[in-house]
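Coordinate inspection notes
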Amino acid sequence: MPELPEVETTVRALRRPLVGRTIMGVRNTWPRHIALPSPEELQERIAGRRILGIDRRGKFLVFTLSEGETLIIHLRMTGHLSVVRADTPVDAHTHTIFRLEDGRELRFRNPRKFGRVYLVRDPQEVLGRLGPEPLEESFTVEALRRRLAGKKRQLKPLLLDQSFIAGVGNIYADEALYYARLHPLRRADTLSDEEVVALHTAIRMVLQMGLEHEGASIDRYVKPDGTRGSMQDVVSVFQRTGATCYRCGTPIERIIAGGRSTHFCPVCQPQEKGT
DNA sequence: ACCGGAGCCTGTTAGC
DNA sequence: TGCTAACAGGCTCCGG
């Protein structure tokens, strides 16, 4: 499931083959893939646009195009982008294809069909409600403290909320809480100053670790070239239910928090009174 | 402000 | 061994 490190890894891999290329047209076999505008209007507006740059915001890939257009793609769970020669056989799960002027294509493979494509003139229309980027310098301990203040929600669902922090998903939320030694069900407004510092450090550390490992190849994720990241080899709790905690040897537990499977060490991340 | 549940999808896995 | 049913997961929308 692509989260910040997986999306950033994808962006970095796509820059070389795509920046400077011109999109000649789009083919689509699953209209709901295209959130904005209509598939017909997408075809009209994107044809002839040049890709000027590719960036990431939260879990969104943001393609800055010529003529003031912005192409935005969200991979959701099973989305995968690759650049291949146009004569490469098309995979059964590839529903949207952008044809380039150099004889290659940007292909959006998306088995579960949750991914989305947007073409907008104002990126804020799609990205406007996202919270801060956790790896930017402006995301300070103080910034996190302010955002936690008055929040009565449990930490796990809060970390998954993209308007709270952009880019954190199930894997990195569990890992961050483990390193911060915080119970996933802990109420956000009960953290001590030291615990806020620990959470801030942990969030940035696990995301950085994910970047260095080029993502976690869990549940189908692979890089654009089809090779795997290695973050899955160094996770501490995610999907390690029943395996022993590397720190204390206690079996990792799995619970449902905010409707999401959640993994933690019951000894290293003790349940607080009243939570 | 926050929570829970439904819905979107289909490959994988658990259970018979 | 073969089949079906449940599950997973990011995100949005809805009702409480």
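Predicted, not measured: the structure shown is a model, and the values here were computed from it.

A few words now on the pairing of strand 3 (residues 49–57). Alignment of strand 1 (residues 22–28) against strand 3, held across 2 bridges, turns out to be antiparallel. In the strand pairing of strand 3, Thr22 is matched with Arg50. Connecting strand 3 to the antiparallel partner strand 4 (residues 60–65) that follows it, the hairpin turn spans 2 residues, and Gly58 within it adopts a positive phi of roughly 60°.

Taken as a whole, the largest pocket encloses approximately 840 Å³ of empty space. What lines the largest pocket is a set of 33 residues, among which Lys59, His74, Arg76, Leu160 and Gln162 lie closest to the centre. Sorting elements by how many residues they give to the lining of the largest pocket places helix 3 (residues 124–127) first, with 4 residues. Residue composition of the lining of the largest pocket, grouped by class: 13 nonpolar, 11 polar and 9 charged. Each of domain 1 (4–127) and domain 2 (141–264) accounts for three or more of the residues forming the lining of the largest pocket. Approximately 300 Å³ is the volume found for the second largest pocket. Residue lining of the second largest pocket: 21 residues in total, with His80, Ser82, Asp91, Arg109 and Val222 positioned closest to the centre.

Before going further, it helps to examine helix 6 (residues 170–179). Of all 10 residues making up helix 6, 9 are buried, and the element is well covered by its neighbours. Among the residues of helix 6, those classed as buried are Asn170, Ile171, Tyr172, Ala173, Asp174, Glu175, Ala176, Leu177 and Tyr178. The elements touched by buried residues of helix 6 are helix 1 (4–18), helix 5 (155–160), helix 7 (193–212) and strand 11 (260–264). Backbone geometry just downstream of helix 6 places Arg181 in the positive-phi region, at approximately 60°.

Okay, the domain arrangement of chain A next. Segmentation of chain A into domains returns domain 1 (4–127) and domain 2 (141–264). Spacing between the C-alpha centres of domain 1 and domain 2 amounts to 28 Å. Contacts between the two partners involve 17 residues from domain 1, matched on the other side by 17 residues from domain 2. Each partner contributes to the roughly 1400 Å² buried at the junction of domain 1 and domain 2, and carbon and sulfur atoms together form 64% of this total. The three residues of domain 1 that bury the most area against domain 2 are Pro5, Glu6 and Thr9, which together make up 37% of that side's buried surface. Our enumeration of links across domain 1 and domain 2 arrives at 0 salt bridges.

A few words now on the pattern of salt bridges. On inspection of all chains with the given rule, the structure shows 24 salt bridges. One salt bridge in this structure joins Asp87 and Arg85, with 2.6 Å as the shortest N-O distance. There is no split in this pair, since Asp87 and Arg85 are both exposed. Between Glu195 and Arg186 there is a salt bridge, with its nearest N and O atoms 2.9 Å apart. Taking relative accessible area as the criterion, Arg186 reaches 6% and is therefore assigned buried. Within the structure, one salt-bridge network assembled from shared partners comprises Glu8, Arg12, Arg56, Arg57 and Glu133.

What follows covers the protein's contact with DNA strand B. If you check the shell around DNA strand B, you find 13 residues, and the closest are Arg32, His93, Pro111, Lys113 and Lys152. Within 4 Å of the protein, the contacting atoms of DNA strand B are drawn from sugar and phosphate to the extent of 76%. Interatomic distance of 2.5 Å between a side-chain N/O atom of Lys113 and a phosphate oxygen of DNA strand B.

Further remarks concern the sheet that holds strand 7 (residues 94–100). Spatially, 9 strands are ordered 2-9-5-4-3-1-7-8-6 in an open sheet, and the strand pairing comes out mixed. Edge positions in the sheet fall to strand 2 (34–36) and strand 6 (80–85), since each of these pairs with one other strand and no more. Neighbour to neighbour, the strand axes of the sheet diverge by 30° on average, direction disregarded. In this sheet, strand 7 lies alongside strand 1 in antiparallel orientation, the contact comprising 5 bridges. Among the inter-strand pairings, Asn28 is bridged to a residue of strand 7, identified as Thr96. Most of the contacts of helix 1 go to strand 3, to which it runs at about 160°, and overall it touches strand 3, strand 4, strand 6, strand 7 and strand 8 (104–109). Contacting strand 1, strand 2, strand 3, strand 4, strand 5 (70–74), strand 7 and strand 9 (116–120), helix 2 (residues 39–46) crosses the sheet at an angle of about 165° to strand 1.

All right, on to the packing of helix 1 against helix 7 then. Between helix 1 and helix 7, the shortest axis-to-axis distance is 8 Å and the interhelical angle comes to 35°. In the crossing of helix 1 with helix 7, the sense of the turn from one axis to the other is right-handed. Residue-level inspection shows Leu4, Pro5, Glu8 and Arg12 of helix 1 in contact with helix 7, the latter providing Leu207, Gly210 and Leu211. Taken together, the residues that form the contact of helix 1 with helix 7 break down as 4 nonpolar, 1 polar and 2 charged.

Cut-offs applied
- Residues numbered from 1 in each chain as written.
- Chains lettered and ligands numbered in written order.
- Predicted model: local features only at pLDDT ≥ 70, side-chain atom pairs only at ≥ 80, totals over all residues.
- Heavy atoms only, no water.
- Pairing = 2+ DSSP bridges.
- Helix = DSSP H or I, 4+ residues; strand = E, 2+ residues; numbered from the N terminus.
- 1 Å grid on protein atoms, 1.4 Å probe; cavity = no way out; pocket = protein on both sides within 12 Å on 5 of 7 lines; lining within 4 Å.
- Points joined across faces, edges and corners; volume = space filled by probe spheres on them.
- Nonpolar A, V, L, I, M, F, W, Y, C, P; charged D, E, K, R; others polar.
- Domains from an automatic or database assignment.
- Buried < 20%, exposed > 50% of the residue type's maximum accessible area, 1.4 Å probe, protein only.
- Contact = heavy atoms within 4.5 Å.
- Buried area = accessible area lost by both parts, 1.4 Å probe.
- Salt bridge = Lys/Arg side-chain N within 4 Å of Asp/Glu carboxyl O.
- Near = heavy atom within 4 Å.
- Polar contact = N/O pair within 3.5 Å; in protein donor to acceptor, adjacent residues only side chain to side chain.
- Axes fitted to C-alpha atoms, helices over the stretch in contact; angles between N-to-C directions.
- Left-handed = near helix turned anticlockwise from the far one by under 90°.

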